[in-house]
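# Summary of structural features
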Amino acid sequence: MSGATELLAMRDVHVAYRTTEGTLPAVRGVDLVVREGEVVGVAGESGCGKSTLVSTVLRLQPKDAVVSGDVEVLGQDVQTISWGDLRVLRWASASIVFQGALHSLNPVQRVGRQIAEPILVHEPALPADQVQRRVVELLDQVGLSAARGRAYPHQLSGGQKQRVMIAMALACRPRLIVADEPTTALDVMVQAQILDLLRDLVRDLGVGLLLISHDLSVLADVCDRVLVMYAGRVVEAGTADQVFTDPLHPYSQALSGAFPRIGDPAARYAPAGLAGDPPDPRALPSGCSFSPRCPRAVDRCSEAEPPLVEVAPGRPVACIRVGEP
Amino acid sequence: MTTGATISSAALARRRRAEAWKRNWRLFRRNRAGLFGLGLLVFFILLAICAPLLADGDGLDLTTAPGGVLEHPSGEYWLGTDDSGRPILTLLIYGARVSLFVGLLATLMAMVIGTLIGLASGFLEGWPAAVLFRLTEWFLVIPFLPLALILATVLGRGLFNIALVIGITSWPATALLIRSQTLSIKERPYLERARLLGASKWQQVTGHVLPNVTPMIFANTTLTVAVAILTETTLSFLGLGDPTRVSWGTMLDGAFSVGAITTGAWWYIVPPGVCVVLVVLAFTLVGQALEEVFNPRLRSR
Amino acid sequence: MSSPEGGPLLEGALLEARGVQVEFVTRSGHAARALDGVDVSVRRGEVLAIVGESGSGKTTLARTLIGLQRPTTGEVLLEGRPLTYSTRGLRNLRSRVQMVLQDASASLNPRQTVYESVAEGIRLHKTVASDEQARNEAELVSAAMAEAGLRPPERLFLRYPHELSGGQKQRVLIAGALALRPELLLADEPVSSLDASIRGEILALLLKLRQELGMGVVVVTHDLGLAWNIADRIAVMYLGRVVECGTTEEVLTAPKHPYTRALLSVVPEIEELEPVVLTGEVPDPSRIPTGCRFHPRCPALADGSAERAGIADACRTAPLEILPATGLHRVACHLDRVLSAQPG
């Protein structure tokens, strides 16, 4: 896999928001690579910066956000290329399925028309029947019948709407797809269907997929590699299996343990969770930003932010107490 | 310790409210158009209140009018005189009182009636709500001017009656607004929670619907005042105003009937017209700024 | 439909539903059955999980149990006595049974402080007058908030909902319900909108309340793991009916209904079961399939096991009975009836 093309390469990305109260850091130094045919997952909860990170991929971050570091899509630095080049890149090289996309569909337009929209924008000269054929092809790829293209969003179920969003993301044959919380708010069974769909698309189309979710188990199912984010930094990374079954950072351990193994008697009447709330970016704790909530914190944890260190090949962890009893 | 908690929580609640006021003021201040509008408003209100200090009341009396007929603006009479010799400036200043008073009174009536009917038709179910809604629609579609004429004729001409006429014709707009807000709030989960906790309909309305509707009422009120003042001007201009009092509308009526346009007596027409425009503008700007303060979604980042 | 024997089905049952049906008329004029015949019983101090996907009717069932929804047929019983839907009857019910609605953020009035939100129930029920410890309102609010894990309570009194985190909002709602000293708490998706890492805290709180106050809990959720974490018993719902019920261990480690099996198989934490991803989605409640309502998506019908057992026709045409609310592990499935009738 390491020989495959790098579709997305983020190096030392920092994003901060300029507000009346000062500069608030949202992303504090993230490295991330997605290769062709690879599925990379980012796990984290509200306030960890994952949505901000996603928005930089196509330079869609809000105006008051300041981005530093490299965000390269197919070798081009998205943050500094010209507007014209960016327009070409958007949707045709990389596309995003946004969080809460179910609510982003235009309620007064048929979904087929909405799927066709990116095609019409990028290839205005394409004759109408070819556009239509492509729409039918896309609907088929996401498991919807051609007739569904004539439906309005309110006539579709949650799962069907999400499939429409995925079809829209595929419209211009991108090589990289970013999906931000694609299965949140969906039923368990529909979630499984959508994850299967994403897996099949990666296999059949050879795209790269960056998957964001707060549910570590969802990522474990589909991803090759997983990064765990907390308070704007990556605190652990590894293969999906490694991070899910043998998490090393106390936060990953909490995330992993949040959803119990059904059948495990130890989890009966013993819900596992963390106290407190994610840190306020205006008042990040000194030292390790996780220390106030960490069950394994000691005094020296508040001295300095732990660096991301590889404790094994391909296994970076940002905790000074890894391996200690 | 426990009574201490009650006392301090009341005091803290007061402090919170004061902080909320300060915050809202800060937000309002950011809107420069709103500040300008507020300045204008303050100016005109002071003008109205301090009328006796600024101009001699005798100048209003037709019999004791000091100046000559339709005199040009001069050092003595800054804005000239009208066809009876009364100083325009005096008329303008005292006219402010009438226009503002009628506008505010009419708005108060419209607000009270509109809120009550709007809340009831939005919150109640079944035929009472339907009847009230039909009533609202009915009043809304009746052509304003014929209704105003009929009411003015029936009730007679007087300050209070004009205010009544305007109030009766303005409440439907408010009622519709309040009703639609009420309908949407009624379905919100916190209303259902109130029901779950055992709140009666009355408690639901006063405890939850009204507080959430109030900011909108507040912002809408200022816009209604603007319309009310304009309406008063219109009615007075049409000759339905109080004959014993001077308002900007009656000034315009007077100017029109003596043919001030053809004779070129601009000082009779322009000042009252400009005043009406400025006051309406002031209320509108303030109203829009208030809407921004109370509805976060309207604010620019 | 009140049985002549009267009395609760289960010993010590506090709240029950018997043969409850709830029908809506949809915009297109069709009749949709959100609940199509449900028997449920909750004992004192018990934690029951009602599990299902959207369209299963689980939220409607919870709302019916607390009187927000009147059943079209059937009845709800409080300690064996049918509910009266008068103001007094409902108030009496709600002084003993409370509910935390789905969507914690929208359940709090954005213009009310935390104190006011928690005090609302106290004021409505005049709890201060009947408090044995003669506490005043502020003390009661304080106590309820402390019980819900918000410590120190005074610090949050004057906060507004938008200043609270998701977990805090949920606790405020729980505090508001606790202030009325209910014997049973219904919680609709209490943790699904919260971050995964605080899930455990809220669930642990519910267990603690059961332990310390003897308060029963009915949790409505789509999350089987949640049921495994805290529930004594579980009822699995599909399209308005309970299709399987029993103790949590029985249903989740030895599921008998094909739907339960499929649900379990796709839970990512389970490795032993081969994932059975059902095709399609839950059908519209206005078009409930004939026979067994699950048959169009049933893997047992699709792979021929039903044919082999000779009940494929029954699956398609013969409706199943309402599962009684007894404590045994019960399943609404033709195939299971055949298989469990066989010896060995």
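Residues numbered from 1 in each chain as written. Chains lettered and ligands numbered in written order. Predicted model: local features only at pLDDT ≥ 70, side-chain atom pairs only at ≥ 80, totals over all residues.

### Considerations on the overall build of chain B
The criterion, for reference: We count a stretch as a helix when DSSP gives it H or I for four or more residues in a row; a strand needs E for two or more, and each element gets its number in order from the N terminus. Remark: C-beta atoms are placed from the backbone, and a residue is labelled buried if 20 or more other C-beta atoms sit within 10 Å of its own, exposed if 12 or fewer do, or partly exposed between those counts. Two residues form a contact once the distance between their C-beta atoms, set from the backbone, is within 7 Å.
A tally of regular secondary structure across chain B gives 12 helices and zero strands. Counting from the amino terminus, chain B carries its helices and strands in the arrangement α-α-α-α-α-α-α-α-α-α-α-α. If you line up chain B on its principal axes, its C-alpha atoms span 75 × 45 × 40 Å. Classification of the 301 residues of chain B by burial places 40% in the buried group. For chain B, the share of sequence-separated contacts (at least 6 apart) that also reach a separation of at least 24 residues comes to 69%.

### Describing the pairing of strand β8 (residues 208-213) of chain A
All names here are of chain A. Threshold: DSSP bridges decide pairing: two strands pair if at least two such bridges lie between them.
Taking burial as the measure, the six residues of β8 include six buried ones, the bulk of the element. The two faces of β8 match: Gly208, Leu210 and Ile212 on one face and Leu209, Leu211 and Ser213 on the other face are all buried. Where strand β7 (residues 176-180) meets β8, five bridges bridge the pair, whose relative direction is parallel. Within β8, the position partnered with aspartate 180 by the bridge is isoleucine 212.

### What about the interface of chain C and chain A?
In many analyses, interface size is given as the accessible surface area lost on bringing the parts together. Just so we agree on the cut-off: All residues other than Ala, Val, Leu, Ile, Met, Phe, Trp, Tyr, Cys, Pro, Asp, Glu, Lys and Arg, Gly among them, are scored as polar; the first ten of these are nonpolar and the last four charged.
Counting residues at the interface gives 33 residues for chain C, matched by 34 residues for chain A. Residue assignment for the side of chain C that touches chain A shows that the elements contributing at least two residues are α7 (196-213), α8 (224-230), α9 (248-253) and α10 (258-266) of chain C. The leading source of residues in the side of chain C that touches chain A is α7(C), at nine residues. Per-class residue counts for the side of chain C that touches chain A are 18 nonpolar, nine polar and six charged.

### Considering the confidence of the model for chain B
Operational definition: Across the chain, each position has a pLDDT score giving the predictor's confidence in that residue, from 0 to 100.
When pLDDT is averaged across chain B, the result is 84; 93% of the residues are at 70 or more. Counting interchain partners and residues more than four positions distant, the pLDDT-below-50 stretch residues 1-5 of chain B has six contacts.

### Remarks on the pairing of strand β3 (residues 39-43) of chain A
Residues and elements named next belong to chain A. For β3, a buried count of five out of five residues is recorded, marking the element as mostly surrounded by other parts of the structure. Going residue by residue along β3, you find Val39, Gly41 and Ala43 tucked away on one face and Val40 and Val42 tucked away on the opposite face as well. Pairing of β3 with strand β9 (residues 225-230) involves four bridges; the strand directions are parallel. By the bridge assignment for β9, alanine 43 is matched with valine 228.

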